[in-house]
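Residues per chain are reported as follows:
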Amino acid sequence: MTLAAPERPSAGAPPRTMKAAVFVAPARIELQERPVPSVGPRDALMRITTTTICGTDVHILKGDYPVRAGLIIGHEPVGVIAALGAAVTGFEIGQRVIAGAITPCGQCYTCLDGTHSQCGGKLMGGWKLGNTIDGCQAEYVLIPDATANLTPIPDHLTDEQVLMCPDIMSTGFAGAESGHIRIGDVVAIFAQGPIGLCATVGAKLMGATRIIVVDGSPSRLAMAKSLGADLAIDFHAEDPVAAIMAATDGRGVDVAIEALGTQGTFESCLRVLRPGGTLSSLGVYSGKLTLPLDAFAAGLGDHTIITTLCRGGKERMRRLMSVLETSQADLRPLVTHRFPLDRIVEAYELFANQRDGVLKVAITP
Ligand SMILES: [Zn+2]
Ligand SMILES: [Zn+2]
């Protein structure tokens, strides 16, 4: 990168251009040179120090989830404040911060009604970064409504320690919270990818005394056990529904968390649920999802089915970081691979194909 004439020549000012991962077309994400965005009154410019790739970004890459060509993707920013809009209060340039994957405005009717993820009354309206506005797989990102969305990182927490907060930890924990897990509950969690693993940690924190996890990967099942699962079921080795019913003496579980987004896992969640139990769904489904009436008890089972998008905003991020700060969870083992931003295309290749036991990749500009 050469800088012949810096836009703002003052010391420490951001450069004029930056490297960024851009969605070009399905199956094509490229590293491009893009202008560093200029800051509007309510924005903050964040210099990214660490970010990561999400399963949702892989859906974008494959063309399953449409975004506009030319969009910078990524929604998990960890960095430093590089510039602040005139209306942003309570922060300083140079402060280490994160922002959530969901960046609510904090002022619209849905935000004020407590459903920040659906900001603006639009479906998934709170998910802006790397969806409807440029994202953070770049050297810099603009954080909208910065007063509502920036959260200082406690000094002794490293970037990698807080890297799961913007999305994976927030979403996984929300699966446990939306399930209204009670002390003493038996909980089943289907799929132990990064979000499912965080749901396992969340279920433990919520007071579940027995956590049963299902996955097809021995390394993910081992990780789940190290993070608090009591029983790990490999669906290649046994039928998970039968195994869970046997393990609960035919009673079923109080809460089943779906963390994949397939007909099979959704249906299995229903089939292991006790009458009156809650199915907390985190998966992103495609095609068609059908409700088998026998598993649904023909609608007479007092079941609750609840869906949750990731939660965002600065108070959510503060709470999640407080869990890490007080050592009640340590999600560092989820970061299995590291790449510089220059090699992000390679990181996508590894992550999208789940090679080499990858869970999450840390990307550093
Ligand atoms: Zn995500
Ligand atoms: Zn809003």
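Keep in mind that this is a model prediction, so the values were computed, not measured. (Residues numbered from 1 in each chain as written. Chains lettered and ligands numbered in written order. Predicted model: local features only at pLDDT ≥ 70, side-chain atom pairs only at ≥ 80, totals over all residues. Heavy atoms only, no water.)

A. Just the overall build of the protein, in detail. Across its full length, the protein holds eleven helices and 16 strands. By the compact-globule yardstick of 21 Å for 365 residues, the protein fits well, its C-alpha radius of gyration being 21 Å. The C-alpha extent of the protein, read off along each of the three principal axes, is 70 × 40 × 40 Å. Here the protein holds 365 residues, and 54% of them are scored as buried. Residue pairs at least 24 apart in sequence account for 68% of intrachain contacts in the protein once pairs closer than 6 positions are excluded. For the protein, the accessible area works out to roughly 15400 Å², and carbon and sulfur atoms hold 54% of it. (Helix = DSSP H or I, 4+ residues; strand = E, 2+ residues; numbered from the N terminus. Rg over C-alpha atoms; globule rule 2.2 N^0.38 Å. Buried < 20%, exposed > 50% of the residue type's maximum accessible area, 1.4 Å probe, protein only. Contact = heavy atoms within 4.5 Å. Areas by Shrake-Rupley, 256 points an atom, 1.4 Å probe, with all protein chains shown as cover.)

B. View of unusual backbone geometry. In this structure, H180 is a non-glycine residue whose phi angle is positive, near 50°. You can call H180 exposed: its relative accessible area is 59%. At A191, a residue that is not glycine, the phi angle is positive and equals roughly 90°. Structurally, A191 can be placed in the loop between β9 (186-190) and α6 (194-206).

C. Layout of the pattern of salt bridges. One pass over the structure, following the stated rule, counts 18 salt bridges. For D254, the salt bridge is made with R274, and the minimal N-O distance between the two is 2.5 Å. Pair noted here: D254 is in strand β12 (residues 253-258) and R274 is in strand β13 (residues 273-281), with a separation of 20 residues, a long-range link. For the pair D254 and R274, one class covers both residues: buried. (Salt bridge = Lys/Arg side-chain N within 4 Å of Asp/Glu carboxyl O.)

D. Local environment of the coordination of the zinc ion (ligand 1). For the zinc ion (ligand 1), every protein donor is listed as C54 (SG), H75 (NE2) and D167 (OD), and the spread of their distances is 1.7 to 2.2 Å. On the accessibility criterion, D167 (7% relative accessible area) is buried. (Donors = N, O, S within 2.8 Å, 3.2 Å for Na, K, Ca; no water.)

E. Summary view of the sheet that holds strand β1 (residues 17-25). Taken in spatial order, the three strands of this open sheet run β2-β1-β4, and their pairing is antiparallel. Either end of the sheet is taken by a strand with one partner, and the two such strands are β2 (28-35) and β4 (71-72). Sheet analysis places β1 next to β4, joined by two bridges and oriented antiparallel. Bridge pairing in β4 links F23 to L71. Relative to the sheet, helix α11 (residues 344-352) contacts β1 and β2, its axis offset from that of β2 by approximately 150°. (Pairing = 2+ DSSP bridges. Axes fitted to C-alpha atoms, helices over the stretch in contact; angles between N-to-C directions.)

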